[in-house]
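# Descriptive analysis of the structure
If you want the building blocks of each chain, they are given just below.
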Amino acid sequence: MTVTDAAAGEGYGPDPAAPARARRPRRDGALPYVMIAPLVVFIGALAIYPTVLTVIEAFMHIDPLTGPNHFAGFGNFSAIFRDPEVRQAIVNTGWYALFGVALTVGFGTGIALLLQRPFRGRGVVLAIIVLPWALPGVVEGVIWSWIYNPTFGVLNSALKSLHLIGQYQLFIGAHQVETILLIALVQAWQITPLAALIVLAALEAIPGELYEAASVDGASWHRTIRRVTLPLIRPALAIATVEALIMSLNIFDQVYVLNANSTTASSLMSTTYFITFQDLNFGEGYALSLMATVVTVAIAIGVVKLLYRKVDYQ
Amino acid sequence: MLTKPYKHIPEETVPKKASRKAGSTTAVALAATMVVVGWGSSAFAAQNSHFGKKADVTINVAIAYPAPPAKLLDQFTAQTGIKVNYSYIQWDNLQTKIAAAAEAHTYFADVADVDWSKVGEYYATKWFVPLNKYFNVASLQSQYPQLASFVRDGQLLGMPSDVSLLVTTVNTNDLAKAGITTMPTTLMQYSADLNALKSKGVVQHPLDIPFAAAEGLSTYWYELTAAYGGQVLSPSYQPEFTSPNSPGYQAMEWMVSAYKSGLVPKGNLDLEDYPGFTQDEAHNLTASVFSDYSGDVGTIYDVPSDSTVVGDVSYIPTPGVKGIAPNLANPDGIGIPARAKNVNAAVTFIKWYDEAANQAAFAGANGPSEVVSTFPLPANVAGLSDLVNSGKVPGAAELASLAEHHSRAIFPAGAPPWYPAFSNAVYTNLHSAAAGQESVASAIKNIAAQVASLSG
């Protein structure tokens, strides 16, 4: 087994030992193009076209209240960085990313390790675990608003029953970091199943002989996890981390439901929404969207470079 | 009064070529466009179906109220030949769709919601067609108590589609338990009664204020400011709340103090207006809402499946510092987006929607089968009269009286174009003050700074 840099690119591709087969060029005509045309149209219309427009219009003054539209250079970008609400949202989003990645990857890996060994009812457990992933973010926000409710919420009831609190507490809105952590937990609840499935797939690809060898060598459970399992699931952890990072940097639904428009826990996306559709400052909204996209892509690439290593079992 | 059925007005020519988009399009707008493509195709199909009794023209209506009863809509189609594709869209989502479509210069609907708070914005952006050509503003003023909320510089941007007031409600059963038999008529008495309810243990947190950073918190402050005898902005949109002796300043102090002293449930920091009514007031976790919405007694508190206080909650004249306070108007209206395809048919629909008989029916005059859920009160005097005479809606007479005699526009000159940003400053700062993240003085200063920035 080897763990190599992604750039090395070894271990895949045609087997050179396989007998060469004479191939006759096929003439499919337009069929391949017809087959991919719907996808090209779909991606072009819903991804590429809006992205190009966003890039262009991020540099335009577009505000129907103060029109007319005109080229603004970097004016929108300097305006958003001067806006204290945007600065607050950037800090908050950093917290969301930190909590979101830690909770999602942590819980996801833990769940995957628990599900690694076959047991009776494993399929049912898997199906139940995936359920939160199927729920819309708004629905989850509503569910958790009842859980966190300071008057009759389940969390307060449980903590009081356990004598961990004397009286019911206000969880959301009182303190910035606590509020962000609790909202990030709601999103982690939603996206952890995906992380768990990604890691579980990687775990199931690890050959059993490696664990047998580790056992023969007298490795403890902790040592086996640290020296065998984690290095081998590193690509999956990288993907799960990037997925959690992207979702956390773009958190909106849960913030909107649980925090309304309070700056206490506002996110970059909720702030973008309010600047664009409430203040009708579309130019700044585009600029903020573009900035969020660039930052998300840059961080995601950094994480992949840092974490991703190709695993080859040959 | 608009009581006669309207004859079908010939359809105006719809341009076949979509005009080139002049400036901006967003991903959201694209999605909105796709929705409209679906609508457009059905409209096209309807316009080309001239056999049988099919409609001559189809209009798309997008309003933040559930659809009128199918029976009434069918009658409208039979009378006018206009088929209605009705979309009930939640208020916030609807505003986003209107803005996205307008900014993308895309057709969205033929009739859409015009909230009182959006009138200044639509005046500035020209996103809605002025209706003066179709309605005589001068002659309607005596008929529509809240028409002023939809007029800006003489332009009628929407027709009132209901009467909605900020009113005070109290749980009379709780007051009786606390030994209070006379309803408060001043703010001082009201405060004393709330403290009595709390100190006597009748209700631990007797007052509902929705402190979530959302629009409902802003309007609560406006109403309380009116009760203190003032208004938040002058007719030229300058702040009138910066002095500690001003009504707006005192109102904010009263609200924050009520929260910190425990008159308001702790959880209300994250509670918006309607959840406050349905969770707190309807389940007797609170005993009064100072700035409630007209119609909530019939549609929330007296609904047995949703409430444990059926028959206990009543409207009272809103107590002010010097006696009865004005009830600020927060009505909904309907108007015609600038890109509407079927303007004449849209006008016909608006007139039908505002007919006194229909308005009274939507509010419950004909019983539950014709009620439009959450519809507060008829927009016009005749509709109010029909509703009161039906005797089927609790509190209707009191509300009609308040609407006719105590109703006042929040901004007499119409909402400023930058109202949403102003309201945002109000509710975020008021929320922060209640959460203890800033003082009332700081909140007031920040809101005033925002007004200066917006109006400058």
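Since the structure is predicted, the reported quantities are computational estimates derived from the model, not experimental observations.

## Thoughts on the overall build of chain A
Looking only at helices and strands, chain A features 13 helices and 4 strands. Taken over the C-alpha atoms alone, chain A extends approximately 70 × 70 × 30 Å along its principal axes. Residue pairs at least 24 apart in sequence account for 74% of intrachain contacts in chain A once pairs closer than 6 positions are excluded.

## Observations regarding the overall build of chain B
Helix and strand counts for chain B come out as 17 helices and 15 strands. With 456 residues in all, chain B has 57% of them scored as buried. At a minimum sequence separation of 6, the contacts of chain B that also span at least 24 residues come to 74%.

## Some points on the packing of helix 16 (residues 419-435) of chain B against helix 17 (residues 440-455) of chain B
All names here are of chain B. The interhelical angle for the contact between helix 16 and helix 17, taken along N-to-C directions, is 170°, at an axis separation of 9 Å. Considering their axes alone, helix 16 and helix 17 lie roughly antiparallel with respect to each other. Taking contact as the criterion, the partners of Ala-421, Phe-422, Ala-425, Val-426, Asn-429, Leu-430, Ser-432 and Ala-433 in helix 16 are, on helix 17, Val-440, Ala-443, Asn-446, Ile-447, Gln-450, Val-451 and Leu-454. Grouping the constituent residues of the contact of helix 16 with helix 17 by class yields 11 nonpolar, 4 polar and no charged.

## Looking at the nonpolar core
Residues Val199(A), Met255(B) and Phe349(B) are the most contacted members of the largest nonpolar core, which totals 213 residues. In terms of residue count, helix 7 (residues 176-204) of chain A provides more of this core than any other element does, 15 residues in total. Structurally, this core is a two-domain feature, drawing no fewer than three residues from each of domain 1 (27-162 + 332-409) and domain 2 (166-329 + 418-455) of chain B. Among residues more than four places away in sequence, those in contact with Val199(A) are Gly108(A), Thr109(A), Ala112(A), Ile233(A), Ala236(A), Leu237(A) and Ala240(A).

## As for the environment of Ser423(B)
Residue and element names in this part refer to chain B. Considering the arrangement of structural elements, one finds Ser-423 in helix 16. Sequence separation between Ser-423 and Ser-243 is 180 residues; the distance between their C-alpha atoms is 19 Å. Setting aside residues no more than four positions away along its own chain, Ser-423 makes contact with Ser-117, Glu-215 and Ser-218.

## Digging into the sheet that holds strand 1 (residues 57-63) of chain B
All names here are of chain B. Within the open sheet, the 5 strands sit side by side as 2-1-3-14-6. Their pairing is mixed. The open sheet is flanked by strand 2 (82-88) and strand 6 (159-160), the only strands paired with a single partner. Bridge count for strand 1 against strand 2 is 7 bridges, and the pairing is parallel. When the sheet's bridge partners are listed, Val-57 is paired in strand 2 with Ile-82.

## Topic: the sheet that holds strand 7 (residues 166-171) of chain B
A sheet is described by the order of its strands in space; here 4 strands give the open sequence 8-9-7-10 (chain B), paired in mixed fashion. Looking at strand neighbours, the two that pair on one side only are strand 8 (207-208) and strand 10 (313-316) of chain B, the edges of this open sheet.

## Some points on the interface of chain B and chain A
Contacts between the two partners involve 31 residues from chain B, matched on the other side by 28 residues from chain A. Listed by contribution, the elements that provide at least two residues to the side of chain B that touches chain A are helix 1 (27-47), helix 3 (91-103), helix 4 (119-125) and helix 16 of chain B. Among the elements that line the side of chain B that touches chain A, the one with the most residues is helix 16 of chain B, at 7 residues. Class assignment for the residues of the side of chain B that touches chain A results in 16 nonpolar, 10 polar and 5 charged.

## Here's the deal with the domain arrangement of chain B
Residue and element names in this part refer to chain B. With domains assigned, chain B is organised as domain 1 (27-162 + 332-409) and domain 2 (166-329 + 418-455). Averaged C-alpha coordinates put domain 1 and domain 2 at centres separated by 29 Å. In this complex, domain 1 contributes 22 residues to the contact, which on the side of domain 2 involves 18 residues. In terms of residue class, the side of domain 1 that touches domain 2 is built from 9 nonpolar, 10 polar and 3 charged.

## Digging into the environment of Asp386(B)
With respect to the secondary-structure elements, Asp386(B) resides in helix 14 (residues 381-390). Between the alpha carbons of Asp386(B) and Asn366(B) there is a distance of 9.9 Å; along the sequence they are 20 residues apart.

## A few points about the pairing of strand 10 of chain B
Residue and element names in this part refer to chain B. By the alternation rule, side chains of strand 10 split into Val-313 and Tyr-315, which are all buried, and Ser-314 and Ile-316, of which none is buried. Relative to strand 10, strand 7 is paired through 4 bridges, and the arrangement is antiparallel. Each bridged residue has a counterpart across the sheet, and for Thr-169 the counterpart in strand 10 is Tyr-315.

## Topic: the packing of helix 1 (residues 31-57) of chain A against helix 13 (residues 282-307) of chain A
A pair of packed helices can be characterised by two numbers: the angle between their axes and the separation between those axes. Residue and element names in this part refer to chain A. Packing of helix 1 against helix 13 brings their axes to within 8 Å, and their N-to-C directions diverge by 115°. The hand of the helix 1/helix 13 crossing is left-handed. On helix 13, the residues that touch Thr-54, Val-55 and Glu-57 of helix 1 are Gly-283, Tyr-286, Ser-289 and Leu-290.

## Digging into the environment of Tyr249(B)
Residue and element names in this part refer to chain B. Structurally, the position occupied by Tyr-249 is in helix 9 (residues 247-260). Residue classification places Tyr-249 among the buried residues on the basis of 21 C-beta atoms within 10 Å. Considering only alpha carbons, one finds Tyr-249 and Val-440, 191 residues apart in sequence, at a separation of 8.0 Å. Apart from residues lying up to four places away in sequence, Tyr-249 is in contact with Phe-241, Ser-243, Pro-244 and Ile-444.

## Observations regarding the confidence of the model for chain B
All names here are of chain B. Model confidence for chain B is summarised by a mean pLDDT of 86, while 88% of its residues fall at 70 or above. Residue range residues 1-53 is modelled with pLDDT below 50. Its contacts to residues more than four positions away, or to other chains, number 79 contacts. Predicted complex metrics record ipTM = 0.77 and pTM = 0.81.

## A look at helix 12 (residues 268-278) of chain A
Burial analysis of helix 12 of chain A places 10 of its 11 residues in the buried class, the great majority of the element. All buried positions along helix 12 of chain A are accounted for by Leu268(A), Met269(A), Ser270(A), Thr271(A), Thr272(A), Tyr273(A), Phe274(A), Ile275(A), Thr276(A) and Phe277(A). Among the structural elements, helix 3 (84-115), helix 10 (234-249), helix 11 (253-259) and helix 13 of chain A together with helix 3 and helix 16 of chain B are those in contact with the buried residues of helix 12 of chain A. Of the residues flanking the end of helix 12 of chain A, it is Leu280(A), one or two places downstream, whose phi is positive at about 60°.

## Structural notes on unusual backbone geometry
Residue and element names in this part refer to chain A. Positive phi, close to 60°, is recorded for His-163, a residue that is not glycine. Among the secondary structure elements, His-163 is positioned in the loop between helix 6 (154-161) and helix 7. Positive phi outside glycine occurs at Leu-280, with the angle close to 60°. Within the secondary structure, Leu-280 is located in the loop between helix 12 and helix 13.

Rules and cut-offs
Residues numbered from 1 in each chain as written. Chains lettered and ligands numbered in written order. Predicted model: local features only at pLDDT ≥ 70, side-chain atom pairs only at ≥ 80, totals over all residues. Helix = DSSP H or I, 4+ residues; strand = E, 2+ residues; numbered from the N terminus. Contact = placed C-beta atoms within 7 Å. Buried ≥ 20, exposed ≤ 12 C-beta atoms within 10 Å, placed from the backbone. Axes fitted to C-alpha atoms, helices over the stretch in contact; angles between N-to-C directions. Parallel < 35°, antiparallel > 145°, perpendicular 65-115°, else oblique. Nonpolar A, V, L, I, M, F, W, Y, C, P; charged D, E, K, R; others polar. Core = buried A, V, L, I, M, F, W, Y, C linked by C-beta atoms within 7 Å. Domains from an automatic or database assignment. Pairing = 2+ DSSP bridges. Left-handed = near helix turned anticlockwise from the far one by under 90°. pLDDT = per-residue confidence, 0-100.

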